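A structural walkthrough
Each chain, letter by letter, is given below.
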Amino acid sequence: MKYTLPRGTRDILPEEMGFWHNIESVSRTLFHLYNYHEIRTPIFESTGLFEGSIGNETDIVEKEMYTFLDKGGRSLTLRPEGTAPLVRAYLQNNMHKKQRNSKLYYCGPMFRYERPQAGRYRQFHQVGVENIGTPEPFADAEVISLGVHLFDELGLTDLSVTINSVGCPVCRPVIEERIKQFIGTNLHFLCGDCQRRFDTKPLRILDCKSNQCKTYFSGLPDIRDSHCQECRDHFNSVLEYLDSLGIMFHINPRLVRGLDYYTRTTFEIISDQLGAQNALCGGGRYDYLVEKMGGPHTPAVGFAFGLERAVMILKSLLDHNHYDDVISIFIAPIGFAQRTKCFYILDELRRAGIKCEMSYVTEELKPQLRQANRLGAEYTLIYGYDEAERHIMIIKKMANGEQHEIELEKLIPYLRAELKA
Ligand code: HAM
């Protein structure tokens, strides 16, 4: 073979497509039910957008971006996530001037130069929602419950919600100081990334994936003890509202997540079926991102989940797939002269919304019936010299072999009624 896929990418083949369509359509239906509206942004954006939002000292910006210069010398980046582009579009299209609250969702490919492994790709797909303009903890609870509702609808079982609050600009310095004090003299045992982040972004140390570093985090004081009163009240309200909806959650005081824009609530929905990459969905509140991008103060909260990971779980739960590749009708011309008329009927049926196929290669009955069975056809229409003379077709029910004649003009209404039954 001359060319192969770039590392970390994959082809999504027709037999898997049923899962994708199902996830996308259930997501859309539910998002509309919760009054979220779709937005589509470009796949590449100016590099500065991601540096200034996700944060310079994050793995994504430091190591994982697909950044290139275009022919005009502009630095562009394939989007590694959807929140920053959405906020850019929200501001650029003056959505903030039209109404206080915007509820938006998106779906599409994202790109991160990560080490590929099961559930981790360099091109992957996210579906996400962003509730912009609502500071109230109800919005956090709504977003989390929407995620839980969606995964329930999809039949994804054994998921758990983990939640934390990473504070706000008032209490963040206190939280960071406590982390620094705790790490203190052990700093030189931590990895290079942690050592670099110690002075500028100590909170990010908690997100380090190195097992060696993690051993130094045990016994770390609970960051909730350093929250300001507003953050404490906000977090308690989120938890109370989740409780009132019967949503089970687990508080993980070290859940800081790998993007700098979060304030207050952070959460993940995780699945044991995913192995090492166990986060199906991640999100949180980002009350200062809109402002940082040049807009008015506009609190927001949202999440995104990975479609590849959702498909992985669904596949492990089902031993068959949802791909509906059967046809309703197979048309079998008998004899060369009948082919053109059958080709015309094929077109008529398709225009009438009936999924059908015909053989272009043979005019013998037996191989055509075999093909009809292979395609899962419900009925085969047989059209030979005799039938052409009498303006009829023979209609054969494939499940039991029963057959009868039908006049050509009555064919479409008949099939419509039969296929609906
Ligand atoms: P994130 O946690 O970086 O958050 O990504 C969200 C989800 O995308 C992950 O839980 C995972 O399912 C999927 N994902 C991430 N990286 C990969 C990868 N390399 N391969 C396959 N799947 C992956 C965000 O992106 C935030 N923008 C979420 C958000 C929205 N926060 C607020 N609003």
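Look above for the structure.
The present account deals with the structure reproduced in this document.

The rules behind these values
Residues numbered from 1 in each chain as written. Predicted model: local features only at pLDDT ≥ 70, side-chain atom pairs only at ≥ 80, totals over all residues. Heavy atoms only, no water. Buried < 20%, exposed > 50% of the residue type's maximum accessible area, 1.4 Å probe, protein only. Helix = DSSP H or I, 4+ residues; strand = E, 2+ residues; numbered from the N terminus. Pairing = 2+ DSSP bridges. Axes fitted to C-alpha atoms, helices over the stretch in contact; angles between N-to-C directions. Parallel < 35°, antiparallel > 145°, perpendicular 65-115°, else oblique. Left-handed = near helix turned anticlockwise from the far one by under 90°. Contact = heavy atoms within 4.5 Å. Nonpolar A, V, L, I, M, F, W, Y, C, P; charged D, E, K, R; others polar. Near = heavy atom within 4 Å. Polar contact = N/O pair within 3.5 Å; in protein donor to acceptor, adjacent residues only side chain to side chain. Core = buried A, V, L, I, M, F, W, Y, C linked by side-chain atoms within 4.5 Å. Expected span 1.5 Å × (residues − 1). Arc of directions from axis to C-beta. Phe/Tyr/Trp six-rings, centres within 6.5 Å; stacked < 30°, edge-to-face > 60°. Lys NZ or Arg CZ within 6 Å of the ring centre and 35° of its normal. 1 Å grid on protein atoms, 1.4 Å probe; cavity = no way out; pocket = protein on both sides within 12 Å on 5 of 7 lines; lining within 4 Å. Points joined across faces, edges and corners; volume = space filled by probe spheres on them. Disulfide = S-S within 2.5 Å.

1. Digging into the pairing of strand E5 (residues 102-111)
Of all 10 residues that make up E5, 9 are buried, and the element is covered over most of its length. As paired elements, strand E1 (residues 37-38) and E5 share 2 bridges and run parallel to each other. Residue glutamate 38 lies in a different strand from E5, and its bridge partner there is tyrosine 105. When E5 meets strand E6 (residues 123-132), the two strands line up antiparallel, connected through 10 bridges. Bridging from a neighbouring strand, methionine 110 pairs with phenylalanine 124 of E6.

2. A word on the packing of helix H6 (residues 137-154) against helix H10 (residues 229-244)
For any two helices packed against each other, the geometry comes down to the angle between their axes and how far apart the axes lie. One can describe the packing of H6 onto H10 by two numbers: an axis separation of 8 Å at closest approach and a directional angle of 45 degrees. Relative to H10, H6 is oriented oblique. Here H6 runs over H10; the crossing is right-handed. Packed against H6, whose contacting residues are Pro137, Phe138, Asp140, Ala141 and Ile144, the element H10 presents His234, Ser237, Val238, Tyr241 and Leu242 at the interface. Here the residues of the contact of H6 with H10 are counted per class, giving 7 nonpolar, 2 polar and 1 charged.

3. Focus on the pairing of strand E16 (residues 403-407)
Sheet topology places strand E15 (residues 392-397) next to E16; 5 bridges connect them, and they run antiparallel. Note that in E16 the partner of isoleucine 395 across the bridge is histidine 404. Connecting the antiparallel pair E15 and E16 is a turn made up of 5 residues, with glycine 401 showing a positive phi of about 80 degrees.

4. Examining the site of the ligand
Around the ligand sit 27 residues in total, of which Glu81, Glu114, Tyr121, Glu130 and Tyr262 are the nearest. A distance of 2.6 Å separates a nitrogen atom of the ligand from a polar atom in the side chain of glutamate 114. Here glycine 302 contributes a backbone N or O atom positioned 3.5 Å from a nitrogen atom of the ligand. Of all elements in the fold, only E6, strand E10 (279-285) and strand E11 (300-306) reach the threshold of two or more residues within the shell around the ligand. Counting residues per element, the shell around the ligand draws most heavily on E10, which supplies 6 residues. For the shell around the ligand, a count of residues per class yields 12 nonpolar, 8 polar and 7 charged.

5. Topic: the nonpolar core
Counting residues in hydrophobic clusters, the biggest one holds 49 residues, and the most contacted among them are Ile132, Ile183 and Leu190. Among the elements that take part in this core, helix H4 (residues 83-92) stands out by supplying 6 residues, more than any other. Excluding residues within four positions of it along the chain, leucine 190 makes contact with Ile183, Gln195, Ile205, Cys213, Tyr216 and Phe217. In terms of nonpolar packing, the next biggest core, distinct from the first, is built from 41 residues, Val26, Tyr34, Ala139 and Phe267 among them.

6. A few points about helix H7 (residues 172-183)
For H7, with 12 residues, the first-to-last C-alpha span of 17 Å sits near the 16 Å given by 1.5 Å per residue. What H7 keeps buried is the set Arg172, Ile175, Glu176, Ile179, Lys180 and Ile183. Buried positions in H7, seen along its axis, are confined to an arc of 135 degrees and lie on one side of it. Tucked inside the fold, the buried residues of H7 contact helix H8 (192-200).

7. Side note on the packing of aromatic side chains
Under the counting rule described, the total for this entry stands at 9 aromatic pairs. Through a chain of ring-to-ring contacts, three or more aromatic side chains come together here, namely Tyr261, Tyr262 and Tyr286. A cation over an aromatic ring shows up here: arginine 122 above the ring of tyrosine 113, its NZ or CZ 3.9 Å from the ring centre.

8. Quick notes on the layout of surface pockets
Empty space among the atoms becomes visible once a probe the size of a water molecule is rolled across them. For the second largest pocket, the calculated volume is near 340 Å³. For the second largest pocket, the lining is made up of 19 residues, of which Arg172, Lys201, Asp260, Tyr261 and Tyr262 are closest to its centre. Those elements that provide at least two residues to the lining of the second largest pocket are H7 and helix H11 (289-292). Class assignment of the residues belonging to the lining of the second largest pocket gives a composition of 10 nonpolar, 2 polar and 7 charged.

9. Observations concerning the sheet that holds strand E14 (residues 379-383)
Here 5 strands make up an open sheet; going across it, the order is E13-E12-E14-E15-E16 and the pairing mixed. The two strands at the open ends of the sheet, each matched to only one other strand, are strand E13 (356-358) and E16. Sheet twist, expressed as the mean angle between neighbouring strand axes with direction ignored, is 25 degrees. Across the sheet, helix H13 (residues 339-351) is in contact with strand E12 (329-333), E13, E14 and E15; its angle to E13 comes to roughly 165 degrees.

10. Topic: the environment of isoleucine 354
Its location among the elements puts isoleucine 354 in the loop between H13 and E13. Distance from isoleucine 354 to arginine 416, taken between C-alpha atoms, is 7.7 Å for residues 62 residues apart in sequence.

11. Topic: the state of the cysteines
For the coordinates displayed, the defined rule picks out 0 disulfides. In this structure cysteine 228 is a free cysteine whose sulfur lies 3.6 Å from that of cysteine 231, the closest cysteine sulfur available.

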